[in-house]
Amino acid sequence: MDRLAASDAKFRGGWERFDARMRTEYPGRMVLLEEKRIEFGASSPGSGGFSAANFLRFMALEASRLAFHHRHTGSRESVDPALVLLGWLEAWPAWNAQAPKNGWRSDLWTADCAAGMGLALDQFADALPADRSRQLRGVLLERGVLPVLEEWIDPERRIHALDSMGHNWWSVCMAGAAIGLFAAADEEPRAAEWFDLIAEGIIEFFAYPGNVLQNKQPNFGRGGDFIESVGYLDYTLHNLVFVFELYRERLGRDLAAEILILPEICDYYMACVQPLKSGVQRLNFGDMGSGRETVGAYNHNPAAVWLWLAGRFGRGDLFHLVKRTHPHPEDVFDFLFWPEGLEDAGFADTPADTVFENIGVAVLRDGYADDATVLAVKTGEKWNHNQSDAGSYILSAGGVEFFIDPGTTEYSSPLHRSYFKSSHAHNIVLHDGCGQADDLDDLGTKFMGRIASHIFAPGYKYVLADATGPWEGVYRRFYRHMLWLGDLVVMVDDLMAWREGEWTALFHHAGTAEVRTDGFTVRNGGLSLEASFIDPLPVRLETLTGHRSSMVPDECKYRYKVEEQPYLAAHYAASGVRAKILTLFELPGAVPGALQRLKGEDWSGLRLTRGSGTIEVLCNHRADGSVMHLNSDNVMEGIATDGFLAVIQRDGCGEITSAGAHNASYLKTGGRTLFTSLLKSDVLLRRAGAALELHANLTAPAWVNVAVSEDPAHALTRVKLPSGSSFQLLGS
């Protein structure tokens, strides 16, 4: 502590603030805490429900802060109020909130209280009288540690499994009990046995593969992505990373080294960053608040987890993220995990476009600058902390929000389920007014959505989001193709319902929207985004009133400020059970151009002429799986293909400079073959001087043939491509 305070100005500034708060606030603060204790049921401990339990774990956390301050300053001013708070904990007969109604003794609140009290007693060390210390450790074991260990890992008395409750529960319960056990190990004869059971259970938690009968998905994907929202990953890891340090320092076991997914979690955290001119926030899919408080330094406190990961794996970009969002360390774990000697690396080498297979999310970006553009698409599941948002997207451009997720609110609020978790609160397509089934909140999703394919190339990014699974009962087919072409985004929805009905595309936007017959303009932060309906045109476009939440700092609980927020609903006429809906977004600063809506037999598309060049996006309606015994051949504006999408860019002379084909086995124009393969694939062919860039995504290894030379007389070049994404520069 002293060495860091002397060498690091940010650390020193944070410590000085913390020290001043501990020394000056508590005489008056204890009066306020006493009032809250009475308000939350001190006259009848245990009867205050969730409010009392939230306050209880807050008291434990406050006691740990005071004890930490005493340990590093020797100040007696911190001891007396901490003893009062620990006495209040001692007087509460049961440290839980949700457990009794289920016939349990322990829950998240039990574990959080055990962690706070355990850390407090550990930090106090010999500062308390021996008898009083022993008495409190006995209470800690009886009230906090043993109820959790017996119900969650004891081989004989256990009633829970890794997939009991939400995905974060097991980790939170085990970490809290472990911290308490380290503080009271001398009073517990089975401590060594418990430590072994905890460690092996934690390893299994990170490897949890899901459960078919319970519709549970794996906790983590190969990319470090957590099945619940990123905010709940904070909660999952917050106490656990401290447990890793306790195992290493006190038991000589580097438990973190046995969990191979931990380094990948760094990239997942970075991928969820959404930089804006107003400050950094995080992509808020699922039960997360919106706005800058998504990286707030209260409650789950992601900064502490980021600091631990940064120090453990040498991630200077995570350290930079902390310093961007939390200029100074503010709490106990911030000080403990502040990485000494780690350089602030900025975001220069941080991974950019990413697909997370486990949660079915793609995040596309052009960097991490304050004026960056970020496009994220979610499929995944509907259950618990994941909302009815399969197929939804978030888009910020030029560092300004345009299409948003409205967030969430307190679980006790009627709006939590009736609005924020519903499909009506997201950027999806309703059918006949219906969204995802409400009962999936409890039953879970049988068939996960997924990112089925993608191509990431400079100036050309493509994602196929398959959101069908979570829409069971409404859609047999919900495919959303997203093309990001420089300063344009084209969205193509390929839908198939179980019966005929109206289609309604929802657009939840930030700022204000100005509606016109063929589209709308979103204005926010001095920038504008132009949206154009390509095909079909909606029969009506209406403005509806929804809600948007923002997190409000509160030391005792999560609180949200909910405000009314308008959004747009574009209604398309019922036209059988299938629909193809094309929408164009022109990002702020897009080059002006002349837009043409194109349509032919079984196809639709657009042509945008800008300067001397053109961009065409063509959708082949025959390639939607409806023609199973015949190929889906079509000719669209002189482009012949059996693919679902063709993306053609030409120069002023009409020469093709770039050709994209999606779910195609060939692409031809003017009698000339540009690309062919036996396997339908996603490919991008782009001229690079005399060479040809070949970007591809294949579902299996296959041979492809491409026209490398611009001379039609030259033979095709045959290339063997691997499964998955690949890039080759041909003819250089």
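Sequence order as written defines residue numbering, which begins from 1 separately in each chain. The predicted nature of this model means local features are confined to residues of pLDDT at least 70 and side-chain atom pairs, given and counted, to a pLDDT of 80 or more, with totals for whole chains, interfaces and linings taken over all residues. Computation of side-chain values covers all heavy atoms of the structure but excludes hydrogens and water.

Draft legend 1. Quick look at the overall build of the chain. Helical segments are the DSSP runs of H or I of at least four residues, strand segments are the runs of E of at least two, and each set is numbered from the N terminus. Scanning the chain for helices and strands turns up 18 helices and 31 strands. We compute the radius of gyration from the C-alpha atoms alone; for a globule the expected value is 2.2 Å times N to the 0.38, where N is the number of residues. Taken against the 2.2 N^0.38 rule, which gives 27 Å for 732 residues, the C-alpha radius of gyration of the chain at 28 Å falls within 12% of a compact globule. Expressed along its principal axes, the backbone C-alpha trace of the chain runs to roughly 95 × 50 × 50 Å. The cut-offs for exposure are 20% and 50% of the maximum accessible area for each residue type, with area from a 1.4 Å probe on protein chains only; residues under the lower value are buried, those over the upper are exposed, and the others partly exposed. Out of the 732 residues belonging to the chain, those deemed buried represent 61%. For the chain, contacts bridging at least 24 residues in sequence account for 64% of all contacts bridging at least 6. Any two residues whose heavy atoms approach within 4.5 Å at even a single point are treated as in contact.

Draft legend 2. The side chain of His70, seen in detail. Examined against the element boundaries, His70 turns out to sit in helix α4 (residues 49-73). On the basis of relative accessible area, His70 is assigned to the buried category, the value being 11%. Look past the residues within four positions of His70 in its chain and what remains in contact with it is Ser75, Arg76, Ser78, Val79, Phe124 and Ala127.

Draft legend 3. Geometry of the packing of helix α10 (residues 191-206) against helix α12 (residues 240-251). Here, axes are lines fitted to C-alpha atoms. For helices the fit covers the stretch in contact, and angles between N-to-C directions go from 0 to 180 degrees. Contact geometry for α10 and α12: axes closest at 12 Å, N-to-C directions at 135 degrees. For the element pair α10 / α12, the angle class is oblique. In the crossing of α10 with α12, the sense of the turn from one axis to the other is left-handed. In this structure, α10 uses Phe195, Ile198, Ala199, Ile202 and Phe206 to contact α12, whose residues at the interface are Leu240, Val243, Phe244, Tyr247 and Leu251. For classification purposes, angles smaller than 35 degrees are called roughly parallel, those larger than 145 roughly antiparallel, those between 65 and 115 roughly perpendicular, and all remaining angles oblique. Put simply, a crossing is left-handed when the front helix is turned counterclockwise from the back one by less than a right angle, and right-handed when it is turned clockwise.

Draft legend 4. Expanded view of the packing of aromatic side chains. The criterion for an aromatic pair is that two Phe, Tyr or Trp rings (for Trp, the six-membered ring) have centres within 6.5 Å, with stacked assigned to planes under 30 degrees apart, edge-to-face to planes over 60 apart and tilted to the rest. Taken as a whole, this structure holds 42 aromatic pairs when the rule is applied. With centroids separated by 6.4 Å and ring planes inclined at 85 degrees, the aromatic side chains of Phe507 and Phe585 adopt a geometry described as edge-to-face. In this pair, Phe507 sits in strand β13 (residues 503-507) while Phe585 sits in strand β19 (residues 578-586), placing the two residues 78 residues apart along the sequence. For Phe507, a relative accessible area of 1% translates into the label buried. By the ring-pair criterion, three or more aromatic residues cluster together here, those being Phe11, Trp15, Phe18, Phe68, Phe319, Phe335 and Trp338. The ring of Tyr26 carries Arg29 above its face, with NZ or CZ at 5.7 Å from the centroid. Two thresholds decide whether a charge sits over a ring: the Lys NZ or Arg CZ must be within 6 Å of the ring centre and within 35 degrees of the ring normal. One residue, Lys461, lies across the ring of Trp484, its end atom 5.5 Å from the ring centre.

Draft legend 5. Seen up close, the pattern of salt bridges. Only one rule defines a salt bridge in this text: a Lys or Arg side-chain nitrogen within 4 Å of an Asp or Glu carboxyl oxygen. Scanning all chains against the criterion turns up 55 salt bridges. With a closest N to O distance of 2.7 Å, Asp112 and Arg57 form a salt bridge. Remark: Arg57 occurs in helix α4 and Asp112 occurs in helix α7 (residues 108-124); sequence separation between them is 55 residues. Assessed through its relative accessible area of 23%, Arg57 is described here as partly exposed. Linking Arg417 and Asp442 is a salt bridge whose minimum nitrogen-to-oxygen distance equals 3.2 Å. Separated by 25 residues along the polypeptide, Arg417 in helix α17 (residues 414-420) and Asp442 in helix α18 (residues 440-443) bring together distant segments of the chain. Taking relative accessible area as the criterion, Arg417 reaches 46% and is therefore assigned partly exposed. Asp442 gets classed as exposed once you look at its relative accessible area, which sits at 55%. Beyond isolated ion pairs, a larger network of salt bridges with shared partners links Arg105, Glu150, Asp154, Arg157, Arg190 and Glu193.

Draft legend 6. Spatial organisation of the pairing of strand β28 (residues 691-698). A large share of β28 lies buried, amounting to eight of its eight residues. Here β28 shows two buried faces, one formed by Ala691, Glu693, His695 and Asn697 and the other by Leu692, Leu694, Ala696 and Leu698. Judged from the seven bridges that link them, strand β27 (residues 672-688) and β28 form a sheet pairing that is antiparallel. By the bridge assignment for β28, Arg687 is matched with Leu692. Any two strands between which DSSP finds at least two bridges are classified as paired. The sheet contact formed by β28 and strand β31 (residues 724-730) spans seven bridges and is antiparallel. Bridged to Glu693 within β31 is Leu729.

Draft legend 7. Helix α14 (residues 302-313), seen in detail. Taking 1.5 Å as the rise per residue, α14 with twelve residues should run 16 Å; its terminal C-alpha atoms sit 16 Å apart, in good agreement. The element α14 is extensively covered by neighbouring structure, given that nine of its twelve residues are classed as buried. Within α14 the residues assigned to the buried category are Pro302, Ala303, Ala304, Val305, Trp306, Leu307, Trp308, Leu309 and Ala310. Looking at the packing, one finds that the buried side of α14 touches α11 (230-238), α12, α13 (262-271), β2 (281-282), α15 (316-325) and α16 (332-337). Immediately beyond the C-terminal end of α14, within one or two residues, lies Gly314, with a positive phi of roughly 65 degrees. Take the residue count of a helix, subtract one, and multiply by 1.5 Å to get its expected span.

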